Number of protein chains: 4
Amino acid sequence: MGILEGKKGIIFGALDENSIAWKVAEKAKSEGAEFILSNAPVALRMGKIQELGEKCNSKVIPADATSLEDLNALIGEAKETYGGIDFVLHSIGMSPNVRKSKPYTDLNYDFFLKTLDISALSFHKVMQVAYNMNAINDWGSVLALSYIAAQRSFPGYDDMAEAKSVLESIARSFGFRYGKKANVRVNTVSQSPTMTTAGSGIAGFDSFYHYADKMSPLGNATSDSCAAFCVAMFSDYTRMVTMQNLYHDGGFSSVGVSKEIMELVKQD
Amino acid sequence: MGILEGKKGIIFGALDENSIAWKVAEKAKSEGAEFILSNAPVALRMGKIQELGEKCNSKVIPADATSLEDLNALIGEAKETYGGIDFVLHSIGMSPNVRKSKPYTDLNYDFFLKTLDISALSFHKVMQVAYNMNAINDWGSVLALSYIAAQRSFPGYDDMAEAKSVLESIARSFGFRYGKKANVRVNTVSQSPTMTTAGSGIAGFDSFYHYADKMSPLGNATSDSCAAFCVAMFSDYTRMVTMQNLYHDGGFSSVGVSKEIMELVKQD
Amino acid sequence: MGILEGKKGIIFGALDENSIAWKVAEKAKSEGAEFILSNAPVALRMGKIQELGEKCNSKVIPADATSLEDLNALIGEAKETYGGIDFVLHSIGMSPNVRKSKPYTDLNYDFFLKTLDISALSFHKVMQVAYNMNAINDWGSVLALSYIAAQRSFPGYDDMAEAKSVLESIARSFGFRYGKKANVRVNTVSQSPTMTTAGSGIAGFDSFYHYADKMSPLGNATSDSCAAFCVAMFSDYTRMVTMQNLYHDGGFSSVGVSKEIMELVKQD
Amino acid sequence: MGILEGKKGIIFGALDENSIAWKVAEKAKSEGAEFILSNAPVALRMGKIQELGEKCNSKVIPADATSLEDLNALIGEAKETYGGIDFVLHSIGMSPNVRKSKPYTDLNYDFFLKTLDISALSFHKVMQVAYNMNAINDWGSVLALSYIAAQRSFPGYDDMAEAKSVLESIARSFGFRYGKKANVRVNTVSQSPTMTTAGSGIAGFDSFYHYADKMSPLGNATSDSCAAFCVAMFSDYTRMVTMQNLYHDGGFSSVGVSKEIMELVKQD
């Protein structure tokens with residue numbers, strides 16, 4: 001019997017089998033959960049989410065996570081289907097500035113607001129819609145995927161750093177309110193750089209991936225291990241953890257420097 | 001001789017004599033600095049900034065800090081006047097959601113984006129304009145005023161929590177780039193709740209002010225002490241501090257609970 | 001089938017049924033783990049650990065966790081019994097200064113060193129002995145219980161604040177080395193104030209307990225919920241989390257102030 | 001006129017002209033302060049502190065900072081000389097484990113306690129003696145030098161990581177009490193790796209120094225700039241900053257990775 005037996009959820013952001021959300025869906029399924037899969041209409045066309053839906057025996061419902069109308073429809077249907085939901089995964093992020101390779105010192109501000117809207121405000125919208133619809137059951141668990149660029153500067157990460165800062169702040173702010181209302185916990189998982197289709201789009205991602213791997217005593221966390229961790233965070237084993245940003249990164253965040261990196265500096 | 005002798009700057013956000021920016025202007029003046037004062041056109045009409053301008057022998061230039069056009073004009077004029085500037089104070093924040101008393105679980109998202117644009121992206125815009133105009137001298141210092149709601153949840157602070165998170169993230173992200181380019185440092189000052197005209201607008205501000213005062217071993221930091229600290233951060237005494245969020249709060253951020261607050265709980 | 005099926009461990013610090021370590025033992029047992037229980041000889045005489053040993057079908061081995069000799073014997077026996085161990089819980093803390101009610105500004109320094117030795121260095125000793133004996137299996141998990149006094153000042157917590165700082169630092173420092181050697185992860189759990197026999201010994205603990213409860217949106221985490229979380233951290237769901245201090249506190253650490261506390265201040 | 005005009009202090013830890021404490025003394029002198037210099041008797045014999053004493057017109061008083069007797073004599077004399085003191089610099093650190101090249105997984109525990117006693121408890125002792133003697137004037141400022149190894153793991157830094165954790169915890173814990181008593185502030189300065197006689201003793205220090213320099217947008221902070229910062233922290237410009245760990249590191253602490261380091265990884 002799995003640790004999510006009987007639990008119902010919504011998983012946002014699965015695109016293809018490289019997506020963390022994809023892995024979370026598979027793992028949640030194997031642990032006994034039922035869930036609805038959602039992604040933006042365009043992602044549905046480009047990706048293979050229908051395949052995942054069949055595999056997991058899940059409905060796939062397109063929703064633009066910046067649209068309150070779409071979210072109302074989606075969460076309304078989830079509520080109707082399940083009575084109430086127990087977990088939500090938010091794995092959504094996109095920066096037009098990164099896409100267009102605008103350097104951080106020459107950002108387009110309409111893009112910047114779009115980055116924040118898509119990658120962070122969408123998280124608030126999901127919760128606000130659910131909160132006002134009483135869609136999440138008592139002791140439910142809400143997670144969003146973040147990255148340590150919210151705390152430290154990384155080249156190439158651009159305005160996604162600010163988006164992740166907002167995301168983590170929303171987890172704290174909404175976590176307080178949803179905890180009070182229905183003991184719902186809200187957290188972010190700050191994951192290692194991951195070889196997803198989105199991740200590999202960032203310039204210099206490969207060297208950065210290797211850098212993080214050399215810094216972390218356990219190496220970079222894979223998307224499979226991230227999925228296992230997310231499932232633990234949805235389960236009843238972690239009911240009292242809320243308003244936290246949880247590093248799932250093989251130790252990276254607590255490493256000043258490793259010997260491997262020092263060797264490279266020494267040879268320089 | 002003052003510690004800002006010969007330094008030129010721009011100070012954003014002075015409204016009246018309760019403003020932190022007002023106090024920073026007075027203190028900077030007394031330490032030998034010259035500067036331009038700026039605020040939004042509407043604030044100029046409502047406040048008394050012209051009076052401050054006369055007192056400090058400063059030009060007052062209206063600028064909507066969300067408008068690249070206004071910022072280009074302002075910073076262009078500062079550059080022309082001074083050759084280059086040595087310090088910038090960003091003391092700008094406004095949330096339409098707070099103004100309209102929208103609870104955090106029922107935010108208006110156009111307002112939310114406006115909160116972020118006014119209170120945080122404006123900081124990026126100021127630096128981006130300055131950076132591309134080479135307006136800030138080597139070893140210049142840029143500061144923005146923040147608040148601990150960026151790290152912890154406070155009732156009533158609403159989406160300003162997220163705005164301050166973005167502000168602090170921008171300080172790190174831009175601080176890295178501007179440090180590389182011209183040794184310019186960028187920091188935020190996380191200040192005690194302060195009896196400004198803006199602060200007192202927040203519901204329940206009074207009790208909150210007293211709470212923070214009872215928690216902090218030195219009591220709440222006044223706007224005068226904040227001005228002194230900002231001036232130190234503009235001076236050559238602090239050249240190597242960058243990408244930091246500096247708590248100027250009488251110790252509040254490092255207090256778990258004080259005996260005074262415990263007494264109140266005990267009596268409950 | 002439980003999430004610790006087949007795993008072997010050592011649990012330090014169970015005294016009676018109020019102890020967190022006691023609850024962890026019960027929970028680990030119910031999840032399929034086998035383990036040795038250990039505590040100081042004096043705690044064995046005063047407490048009811050033999051009762052727990054029978055319940056869990058566990059050996060009880062006395063060990064002074066500050067004694068390398070005792071630890072060598074204990075961990076040696078664990079290794080011999082199990083081949084290798086998969087998890088360790090360190091729930092050990094004692095401050096002679098707190099016991100003798102020495103105020104923080106009048107500490108006895110022999111006591112201070114004893115506080116550090118018992119409450120923190122013992123954690124290093126456990127790992128150093130295990131490391132050099134190759135006693136922990138690949139992908140093992142080591143946990144110690146900590147408290148937020150390591151980050152913020154609380155009245156009455158005295159030099160235990162420093163002990164917890166050392167404990168958390170040891171988790172990072174040793175976590176790096178043990179991760180490199182054998183993918184062993186090392187973390188601390190920063191738990192809510194808990195009504196244990198040890199906790200209730202601290203002056204003013206009751207009011208403090210209620211304060212934390214009023215601050216945390218989910219209320220204080222109980223020892224039962226802490227046990228569930230520790231078990232998750234021992235399981236294979238959390239393999240890539242290391243060198244972290246994990247708040248298991250109902251949200252306390254991310255709350256600036258709650259409305260309940262503000263009400264008390266308002267009435268004051 | 002200097003920013004420390006009329007201020008009296010004690011400076012611990014100047015050995016030779018490479019010491020940060022030496023630079024602080026010179027800078028404090030040039031800013032109008034008077035102070036007593038102190039170091040361990042053995043350091044007095046080996047170093048050139050008498051030369052500094054003459055230059056600064058300062059008494060040099062030997063004191064083993066782990067000895068309450070020595071501290072009582074020293075602080076008693078300072079109080080008698082000056083009436084009361086306004087600032088203290090603690091720049092003291094030594095690890096027998098580092099000296100004897102004991103790896104972190106094979107520490108000698110008597111040495112470990114000695115590391116903590118010398119490098120951290122000495123800071124508590126200085127304040128406890130001063131506190132009970134009412135030796136520090138209202139609004140006085142106490143500083144200790146720390147390092148980011150208190151937060152992140154660095155190879156070769158060994159049990160000094162734990163010592164710095166204790167040091168920073170003491171700043172918070174004592175800062176709360178001394179703030180309440182006499183508005184005295186207590187902080188730590190987390191300084192870049194610095195080419196002092198002590199620093200260069202650590203194995204691999206050179207490569208580490210270059211690594212930090214390549215990571216920090218402003219480069220490593222020199223001991224001269226650190227001295228300027230310490231002087232600002234002693235001055236009346238920073239009265240409301242307390243219980244903080246202040247990074248004076250050219251930005252290092254907020255950098256995830258720099259392009260320079262990424263280049264080395266790419267070539268690997």
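Just so you know, these numbers come straight off a predicted model, no measurement behind them.

With that settled, consider the overall build of chain A. Across its full length, chain A carries 10 helices and 7 strands. The C-alpha atoms of chain A give a radius of gyration of 18 Å, which matches the 18 Å a tight globule of 268 residues would have. Put simply, chain A has 268 residues, and 69% of those count as buried. Long-range contacts, defined here as pairs at least 24 residues apart, represent 76% of the contacts in chain A between residues at least 6 apart.

Moving on to the packing of aromatic side chains. Within the structure shown, the criterion is met by 56 aromatic pairs over all chains. Note on Phe208 of chain A and Tyr211 of chain A: the rings are 6.2 Å apart at their centroids and 35° apart in plane angle, and the pair reads as tilted. Of this pair, Phe208 of chain A and Tyr211 of chain A both sit in helix H8 (residues 205-215), separated by 3 residues, roughly a single helical turn. Through a chain of ring-to-ring contacts, three or more aromatic side chains come together here, namely Tyr147, Phe154, Tyr157, Phe208, Tyr211 and Phe252 of chain A. Positioned above the aromatic ring of Tyr109 of chain D is the side chain of Lys125 of chain C, whose terminal nitrogen or guanidinium carbon lies 5.0 Å from the ring centre. Of note, Lys181 of chain D hangs over the ring of Tyr131 of chain D, and the distance from its end group to the ring centre comes to 4.1 Å.

Our next topic: the interface of chain C and chain A. Taken together, the 44 residues of chain C in the interface contact 44 residues of chain A. The contact between chain C and chain A buries some 3100 Å² in all, and 66% of this surface belongs to carbon and sulfur atoms. The tally of links between chain C and chain A comes to 2 salt bridges. The salt bridge involving Glu260 of chain A is made with Lys180 of chain C; its shortest N-O contact spans 2.8 Å. Run the count over chain C and chain A and you get 12 residue pairs in polar contact (both at pLDDT 80 or more). The set of elements that each furnish at least two residues to the side of chain C that touches chain A consists of helix H7 (160-182), helix H8 (205-215), helix H9 (223-234) and strand S7 (245-248) of chain C. Each residue belonging to the side of chain C that touches chain A can be placed in one class, and the counts come to 19 nonpolar, 16 polar and 9 charged.

What follows is about unusual backbone geometry. One non-glycine residue, Asn57 of chain A, lies in positive phi territory at about 55°. Positive phi, normally seen in glycine, also occurs at Asp158 of chain D, with a value near 55°. Topologically, Asp158 of chain D is positioned in the loop between strand S5 (136-146) and helix H7 (160-182). For Asp158 of chain D, a relative accessible area of 7% corresponds to the buried category.

Attention now goes to the relation of the copies chain C and chain B. Relative to chain B, chain C is turned by 180° and slid 0.0 Å along the rotation axis, the superposed coordinates differing by an RMSD of 0.0 Å. A rotation of that kind, with that shift, is consistent with a two-fold axis. Considering only C-alpha atoms, the part of chain C nearest the rotation axis is Leu264 of chain C, at 3.1 Å. Looking at chain C, 100% of its interface residues are interface residues in chain B too, so the copies touch through the same face.

What follows is about the environment of Leu145 of chain C. Residue and element names in this part refer to chain C. Along the chain, Leu145 falls in strand S5 (residues 136-146). According to the relative accessible area criterion, Leu145 is buried, its value standing at 8%. Distance from Leu145 to Gly2, taken between C-alpha atoms, is 23 Å for residues 143 residues apart in sequence.

It is worth spelling out the nonpolar core at this point. Residues Tyr211 of chain A, Tyr211 of chain B, Tyr211 of chain C together with Tyr211 of chain D are the most contacted members of the largest nonpolar core, which totals 257 residues. Setting aside residues up to four positions removed in sequence, Tyr211 of chain C forms contacts with Tyr211, Met215, Gly256, Val257, Ile261, Met262 and Val265 of chain B together with Phe252 and Ile261 of chain C.

With that settled, consider the sheet that holds strand S3 (residues 60-62) of chain D. All names here are of chain D. With parallel pairing, 7 strands are arranged side by side in an open sheet as S3-S2-S1-S4-S5-S6-S7. Each end of this open sheet is capped by a strand with a single partner; those strands are S3 and strand S7 (245-248). Averaged over neighbouring strand pairs, the angle between their axes works out to 20° when direction is ignored. Pairing geometry for strand S4 (residues 85-90) and S5, over 5 bridges, is parallel. Following the sheet pairing, Leu89 is matched in S5 by Leu143.

A few words now on the interface of chain C and chain B. By a widespread convention, an interface's size corresponds to the accessible area lost as its parts come together. With 26 residues of chain C at the contact, the number on the chain B side is 26 residues. Carbon and sulfur atoms make up 69% of the surface buried where chain C meets chain B, a total of about 2100 Å² over both sides. Connecting chain C to chain B are 0 salt bridges. Applying the counting rule to chain C against chain B returns 8 residue pairs in polar contact (both at pLDDT 80 or more). Secondary-structure elements contributing two or more residues to the side of chain C that touches chain B are H8 and helix H10 (259-267) of chain C. Class assignment of the residues belonging to the side of chain C that touches chain B gives a composition of 12 nonpolar, 9 polar and 5 charged.

Attention now moves to the side chain of Arg152 of chain B. Mapped onto the elements, Arg152 of chain B comes out in the loop between strand S5 (136-146) and helix H7 (160-182). The side chain of Arg152 of chain B is buried and forms no salt bridge, while Asp249 of chain B, the nearest opposite charge, is found at 7.2 Å. In this structure the side chain of Arg152 of chain B is engaged in a polar contact, spanning 2.6 Å, whose partner is the backbone oxygen of Ser253 of chain B. The contact partners of Arg152 of chain B, leaving out residues within four places of it in the chain, are Arg172 of chain A, Phe252 and Ser253 of chain B together with Arg152, Ser253, Ser254, Val255 and Gly256 of chain C.

Right, let's get into the pairing of strand S2 (residues 34-39) of chain B. Residues and elements named next belong to chain B. Counted residue by residue, S2 has 5 buried out of 6 residues, so it is predominantly covered. As defined by bridge partners, strand S1 (residues 8-12) adjoins S2 across 5 bridges and the pair is classed as parallel. When the sheet's bridge partners are listed, Phe12 is paired in S2 with Ser38. Taking the sense of rotation as the criterion, the β-α-β connection linking S1, helix H1 (residues 20-30) and S2 turns out right-handed. Relative to strand S3 (residues 60-62), S2 runs parallel, the two being bridged by 3 bridges. For Asn39, the partnering residue across the bridge sits in S3 and is Pro62.

Attention shifts here to helix H7 (residues 160-182) of chain A. Residue and element names in this part refer to chain A. In a regular helix each residue adds 1.5 Å, so 23 residues correspond to 33 Å; H7 covers 31 Å between its end C-alpha atoms and thus fits that length. Considering bend angle alone, the principal kink of H7 is centred on Gly175 and spans about 30°. Of all 23 residues in H7, 21 are buried, a share of seventy percent or more. Positive backbone phi, at 55°, marks Asn183, one or two positions downstream of H7.

All names here are of chain A. Strand order across the open sheet formed by 7 strands is S3-S2-S1-S4-S5-S6-S7, with parallel pairing between neighbours. Both outer strands of the open sheet, strand S3 (60-62) and strand S7 (245-248), are each paired with one neighbouring strand and no more. Adjacent strand axes in the sheet meet at a mean angle of 20° when their direction is disregarded. Bridge count between strand S6 (residues 185-191) and S7: 4 bridges; the pairing is parallel. Within the sheet, the bridge partner assigned to Ser190 lies in S7 and is Tyr247. Helix H3 (residues 49-56) rests against strand S2 (34-39) and S3 of the sheet, and its axis sits at about 175° to S2. Set on the sheet, helix H6 (residues 109-132) makes contact with strand S1 (8-12), strand S4 (85-90), strand S5 (136-146) and S6; between it and S5 the angle comes to about 175°.

This part covers the packing of helix H8 (residues 205-215) of chain D against helix H10 (residues 259-267) of chain D. All names here are of chain D. H10 packs onto H8 with a crossing angle of 120° between their chain directions and a minimal axis gap of 7 Å. Between H8 and H10, the angle is such that the two are oblique. For the pair H8 and H10, the contacting residues are Tyr211, Lys214 and Met215 in the first and Glu260, Ile261 and Leu264 in the second. Residues that form the contact of H8 with H10 fall into these classes: 4 nonpolar, no polar and 2 charged.

The full count for this structure, using the stated rule, is 48 salt bridges over all chains. A salt bridge links Lys125 of chain C to Asp117 of chain C; its shortest N-O distance comes to 2.9 Å. Relative accessible area serves as the criterion here: at 4%, Lys125 of chain C is assigned to the buried category. A salt bridge links Lys27 of chain D to Glu31 of chain D; its shortest N-O distance comes to 3.8 Å. Judged by relative accessible area, Glu31 of chain D falls into the buried class, the value being 8%.

All names here are of chain B. Summarising burial for strand S4 (residues 85-90): 6 of the 6 residues are buried, a large majority. In this structure, S1 lies alongside S4, joined through 4 bridges in parallel fashion. Each bridged residue has a counterpart across the sheet, and for Ile10 the counterpart in S4 is Val88.

Here we take up the state of the cysteines. Residue and element names in this part refer to chain B. This model, assessed by the stated rule, comprises 0 disulfides over all chains. Unpaired in this structure, Cys56 has its nearest cysteine sulfur neighbour in Cys230, at a distance of 15 Å. Since its relative accessible area comes to 4%, Cys56 is described here as buried.

Calculation criteria
Residues numbered from 1 in each chain as written. Chains lettered and ligands numbered in written order. Predicted model: local features only at pLDDT ≥ 70, side-chain atom pairs only at ≥ 80, totals over all residues. Heavy atoms only, no water. Helix = DSSP H or I, 4+ residues; strand = E, 2+ residues; numbered from the N terminus. Rg over C-alpha atoms; globule rule 2.2 N^0.38 Å. Buried < 20%, exposed > 50% of the residue type's maximum accessible area, 1.4 Å probe, protein only. Contact = heavy atoms within 4.5 Å. Phe/Tyr/Trp six-rings, centres within 6.5 Å; stacked < 30°, edge-to-face > 60°. Lys NZ or Arg CZ within 6 Å of the ring centre and 35° of its normal. Buried area = accessible area lost by both parts, 1.4 Å probe. Salt bridge = Lys/Arg side-chain N within 4 Å of Asp/Glu carboxyl O. Polar contact = N/O pair within 3.5 Å; in protein donor to acceptor, adjacent residues only side chain to side chain. Nonpolar A, V, L, I, M, F, W, Y, C, P; charged D, E, K, R; others polar. Least-squares fit on C-alpha atoms with pLDDT ≥ 70 in both. Core = buried A, V, L, I, M, F, W, Y, C linked by side-chain atoms within 4.5 Å. Pairing = 2+ DSSP bridges. Axes fitted to C-alpha atoms, helices over the stretch in contact; angles between N-to-C directions. Lys, Arg positive; Asp, Glu negative; His and termini not counted. Right-handed = clockwise from strand over helix to strand, strands pointing away. Expected span 1.5 Å × (residues − 1). Bend = angle between axes of the 7 residues up to and from the residue. Parallel < 35°, antiparallel > 145°, perpendicular 65-115°, else oblique. Disulfide = S-S within 2.5 Å.

Read these as layout, nothing more, since geometry by itself doesn't imply function.
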